[in-house]
Amino acid sequence: MPPENPDFRDYLSRHYAHLGDQARHREGKKRQLLHTYRRLLPSSLDAAMLEIGPGFGQLLEALRKDLGYRNAAAVDVSREVVDFCNGLLPGSTTYAEDTVAYLRANPGRWERVFVLHVIEHVPRGDVADFVRAIREALAPGGRVVIELPNAANMLTGSYLRWADLTHEWGYTEQSMRQLLESAGFAQVECFEERIPLEFPKGLAANAFRSFARFGQRIAYKGYELSVPKVLTPSLCATAVRPAERP
């Protein structure tokens, strides 16, 4: 990500909070994140994990405080985000003017790197370098976990793409797979975000999403296009850094 970008200096208070993803929603957001990503977490509580762009720190808090991962940390280009997350979890988050430089200064260090709603902010000309730096920062066999707006969703794709002036690009599962594979990742998997089946909000949300998914599938088929596997508002992806060859 670009160093000292003024758009991210007060991103939490000036923009991100207006989207409703605020600290008071932390518990619900943590449940959703764990419902979606828990299967991808390492078995060892000593595993080194990094989140790039932790926002309000929900995932970081879930990993460190709720699940007990002792070596989960974060990095961000916004001092506001760093201060917020360190206030929540002291010593958890590092400020770095240049994320790519930070990653390359720590080769092979992490078993997991989480990049949730970050890649869409990276300029198109820089994103391949950014993803390659993530691969280099992972240990062989380590895994990247990504979430971002899903441009293939006919109902929300355009809105989420253009709702933020700092969004640089949009992705579908096809372009995300292309990006990860071209950066040297293997075992690429794209999948839908998951909402816990909690009464009544979670049940209602899941019912609506099933109906919306059905309608979108019909529309794609009607236009004689291949039907995407992922049709939720957020696209989730994971991939593995291949083990080094002897």
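Look above for the structure.
Computed from a prediction, not measured in an experiment: that's the story for all the values here.

Chemist: Tell me what's going on with the environment of E111, and back it up with residues and numbers.
Modeler: You can see E111 is positioned in strand β4 (residues 110-116). Expressed as a C-alpha distance, the spacing of E111 and G55, which sit 56 residues apart in the sequence, is 21 Å. Non-local contacts of E111, meaning those with residues more than four positions away in its chain, are made with P42, A47, A48, L138, G142 and R143.

Chemist: I'd like to hear about the nonpolar core, residue by residue, with values.
Modeler: Counting 36 residues, the largest nonpolar core has I52, V115, I119, F130, I134 and L180 as its most contacted members. Secondary structure elements with two or more residues in this core: β1 (49-52), α5 (99-104), β4, α6 (127-137), β5 (138-149), α8 (173-182), β6 (186-192) and β7 (234-240). Per element, the largest residue contribution to this core is 6 residues, and it comes from α6. Of all hydrophobic cores here, the second largest spans 20 residues; its members include L33, Y37, L89 and F191.

Chemist: Lay out the sheet that holds strand β2 (residues 72-76) with the relevant residues and their values.
Modeler: The strand order β3-β2-β1-β4-β5-β7-β6 describes an open sheet built from 7 strands, whose pairing is mixed. Strand pairing shows two members of the sheet lacking a second neighbour, β3 (93-95) and β6, which therefore form its edges. Strand-to-strand twist of the sheet, defined as the mean angle between neighbouring strand axes without regard to direction, takes the value 20°. Pairing geometry for β5 and β7, over 7 bridges, is antiparallel. Opposite L148, over in β7, you have L235 as the bridge partner. Most of the contacts of helix α2 (residues 26-37) go to β5, to which it runs at about 125°, and overall it touches β4, β5, β6 and β7. Against the sheet, helix α3 (residues 58-66) touches β1, β2, β3 and β4, its axis set at about 160° to β2.

Chemist: Report on the state of the cysteines, specifying residues and quantitative values.
Modeler: In a disulfide, the sulfur atoms of two cysteines are held together by a covalent bond. The final tally for this structure, using the stated rule, is 0 disulfides. Among the cysteines around C85, which has no disulfide bond, C236 carries the closest sulfur, lying 20 Å off. Residue C85 is classed as buried on the basis of its relative accessible area, which comes to 0%. The closest cysteine sulfur to the non-disulfide-bonded C236 is located on C190, 9.2 Å from its own sulfur. Owing to a relative accessible area of 0%, C236 belongs among the buried residues under this scheme.

Chemist: Before we move on, could you go through the pattern of salt bridges and cite the residues and values that matter?
Modeler: Across all of its chains, the model carries 13 salt bridges by this definition. Between E189 and R39 there is a salt bridge, with its nearest N and O atoms 2.9 Å apart. With a gap of 150 residues between them, E189 in strand β6 and R39 in the loop between α2 and β1 connect regions that are remote in the sequence. Under the relative-accessibility criterion, E189 is labelled partly exposed at 26%. Between D129 and R104 there is a salt bridge whose closest N-O contact spans 2.7 Å. Of this pair, D129 sits in helix α6 while R104 sits in helix α5; the two residues are 25 residues apart in sequence, bridging distant segments of the chain. Assessed through its relative accessible area of 29%, D129 is described here as partly exposed. In the salt-bridge network here, residues are joined through shared partners; they are R26, E27, K30, E61 and D66.

Chemist: Describe in detail a nonpolar patch on the surface, supporting the description with residues and values.
Modeler: Together, M154, L155, F208, F211, Y223 and L225 make up a nonpolar patch on the protein surface, roughly 740 Å² of accessible area in all. Tracing the sequence through the fold places M154 in the loop between β5 and α7 (157-162). Given the relative accessible area of 39%, M154 is considered partly exposed.

Chemist: Outline the environment of H15, supporting the account with residue identities and numerical values.
Modeler: One can find H15 in the loop between α1 (11-14) and α2. By relative accessible area, which is 17% here, H15 ends up buried. Once the C-alpha coordinates of H15 and D164 are considered, the two residues, 149 residues apart in sequence, prove to be 8.1 Å apart. Look past the residues within four positions of H15 in its chain and what remains in contact with it is D10, A163 and D164.

Conventions used here
- Residues numbered from 1 in each chain as written.
- Predicted model: local features only at pLDDT ≥ 70, side-chain atom pairs only at ≥ 80, totals over all residues.
- Heavy atoms only, no water.
- Helix = DSSP H or I, 4+ residues; strand = E, 2+ residues; numbered from the N terminus.
- Contact = heavy atoms within 4.5 Å.
- Core = buried A, V, L, I, M, F, W, Y, C linked by side-chain atoms within 4.5 Å.
- Buried < 20%, exposed > 50% of the residue type's maximum accessible area, 1.4 Å probe, protein only.
- Pairing = 2+ DSSP bridges.
- Axes fitted to C-alpha atoms, helices over the stretch in contact; angles between N-to-C directions.
- Disulfide = S-S within 2.5 Å.
- Salt bridge = Lys/Arg side-chain N within 4 Å of Asp/Glu carboxyl O.
- Patch = residues over 30% accessible without salt bridge, like charges linked within 9 Å, V, L, I, M, F, W, Y side chains within 5 Å.
- Areas by Shrake-Rupley, 256 points an atom, 1.4 Å probe, with all protein chains shown as cover.

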